[in-house]
Amino acid sequence: MIRKILDWIEARISLEGPRHLLEEKTVPRHRFTFFYFFGGMALFFFIVQVCSGVLLLLYYQPTPANAYSSVKYIMTQVPFGWLIRSVHVWSANLMILCIFLHFFTALLTKAYRKPREMTWMSGFILMLLCLGFGFTGYLLPWNKLSYFATKVGTTMVDRFPFAGHWLLELTRGGTEVGSATLSRFFALHVFVLPFLVILILAFHLYLVQAQGMSVPINARIKGEIKFFPNFLLRDLFAWLVALCVLALAASLFPWDLGVKANPFGSAPPGIKPEWYFLAVFQALKFLPAHIVRIEGEVVGMGLFSLAGAAAFLLPFIDRKASREQPSLWVTVGGTAALVFMIAMTIYGYFA
């Protein structure tokens with residue numbers, strides 16, 4: 001019966017391309033092959049985000065008057081609503097963690113070199129869009145912590161050179177965080193960002209299939225793994241591990257709702273952004289008030305923007321790697337950036 005169904009589909013839609021992919025695609029084996037799984041795990045958490053987000057949309061109301069009460073209703077009245085919300089929040093954090101690991105793996109193994117420049121650039125854009133997911137989704141429960149953390153986060157936008165104030169008003173929908181901010185964040189989180197992520201993700205996955213898996217420079221190849229079924233089964237096992245971690249985190253450490261936001265109230269002491277923005281936030285706090293007559297935070301955001309632009313254009317900057325030669329300065333710089341982010345995040349968390 002399955003053969004007849006496949007023959008019926010084959011007569012109407014050619015399956016030659018997918019069949020060729022399954023039969024011919026291979027994955028190189030070397031000591032870094034394990035790191036290939038982080039991209040797939042990030043994809044798994046994104047799928048969980050979409051599925052759990054659709055369920056939450058059935059009850060969520062994106063207004064300052066009803067946002068908090070609708071989330072509270074989900075957590076207390078909807079069967080397993082607390083678990084769905086906890087899964088949604090935990091999968092967002094785990095997705096960003098896997099994306100960071102995937103990014104630094106690609107950076108340190110020089111996976112951006114020719115002919116995978118567009119793969120790197122599309123992946124970098126996906127990382128920024130996923131950070132946008134975390135930033136816009138954090139405000140939606142409209143609780144006290146998320147409200148004031150969003151005020152802090154959007155204030156950081158104001159520190160961008162030249163266009164900072166314009167970006168602040170564009171982000172908030174005015175000068176303060178209010179109903180316009182919630183509406184914009186909801187639209188971005190539910191419609192704009194998912195559309196962009198799905199579009200660029202499809203392009204990114206196509207490039208991965210077209211160019212194949214990158215092999216680190218000077219890595220000793222130990223053979224090849226058939227993508228189907230060998231590597232696919234390993235990838236699915238990594239998804240199973242990710243599912244177990246997510247299930248344990250969501251059930252044993254359910255995400256707290258907190259108290260409803262009061263825009264006229266005082267901010268909680270020591271308010272901070274989410275962990276994936278904490279390194280930048282803490283680094284800006286270390287800068288002096290003025291550097292050469294320019295506000296220190298403006299200088300800091302300018303430097304972070306330049307670093308991001310350099311990372312995006314790295315395939316065209318590191319010409320040595322395109323000739324299959326090790327680039328020590330990228331290895332040292334990438335390692336230093338990773339250590340810096342971890343150190344600043346830990347310090348900012350406990351400070």
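Up top is the structure these notes are about.
Just so you know, these numbers come straight off a predicted model, no measurement behind them.

Undergrad: What is the right way to look at helix α9 (residues 179-211) in this model?
TA: Since the α-helix advances by 3.6 residues per turn, residues separated by three or four positions end up pointing in the same direction. When the terminal C-alpha atoms of α9 are compared, their 46 Å separation across 33 residues agrees well with the 48 Å that a helix rising 1.5 Å per residue should span. Along α9, the helix axis deviates most sharply at L188, where the bend reaches about 45°. Trailing α9 by a residue or two, G212 shows a phi angle of about 80°, which is positive.

Undergrad: Looking at this structure, how should I read the environment of W255?
TA: Structurally, the position occupied by W255 is in the loop between α10 (227-252) and α11 (275-286). Taking the relative accessible area as the measure of exposure, W255 reaches 26% and is therefore partly exposed. Between the C-alpha atom of W255 and that of L6, which follows or precedes it by 249 residues, the distance is 45 Å. If near-sequence neighbours (up to four positions away) are discounted, W255 is found in contact with M75, R85, S86, V89, W90, N93 and E274.

Undergrad: Would you explain unusual backbone geometry in this entry?
TA: Peptide bonds are mostly trans, and most non-glycine residues show a negative phi. Between K114 and P115 the backbone carries a cis peptide bond, its omega angle lying at 5°. Summarising the element assignment, P115 is placed in the loop between α5 (81-108) and α6 (117-139). With a phi angle near 55°, W142 is a residue other than glycine that sits in the positive phi range. With respect to the element layout, W142 can be found in the loop between α6 and α7 (144-157). The backbone phi angle of R293 is positive, close to 65°, even though this residue is not glycine. Structurally, the position occupied by R293 is in the loop between β3 (290-291) and β4 (294-295).

Undergrad: Even after reading the chapter, I still don't get the packing of aromatic side chains, so can you show me in this structure?
TA: Think of a pair of aromatic rings as described by two things: how far the centres are apart, and how the planes are tilted against each other in angle. Following the criterion strictly, the structure yields 27 aromatic pairs and no others. Ring-pair connections join several aromatic residues into one group, and the members of that group are F34, F35, F37, F38, F227 and F231.

What counts, and where the lines are drawn
Residues numbered from 1 in each chain as written. Predicted model: local features only at pLDDT ≥ 70, side-chain atom pairs only at ≥ 80, totals over all residues. Heavy atoms only, no water. Helix = DSSP H or I, 4+ residues; strand = E, 2+ residues; numbered from the N terminus. Expected span 1.5 Å × (residues − 1). Bend = angle between axes of the 7 residues up to and from the residue. Buried < 20%, exposed > 50% of the residue type's maximum accessible area, 1.4 Å probe, protein only. Contact = heavy atoms within 4.5 Å. Phe/Tyr/Trp six-rings, centres within 6.5 Å; stacked < 30°, edge-to-face > 60°.

Keep in mind these numbers describe shape, not what the thing actually does.
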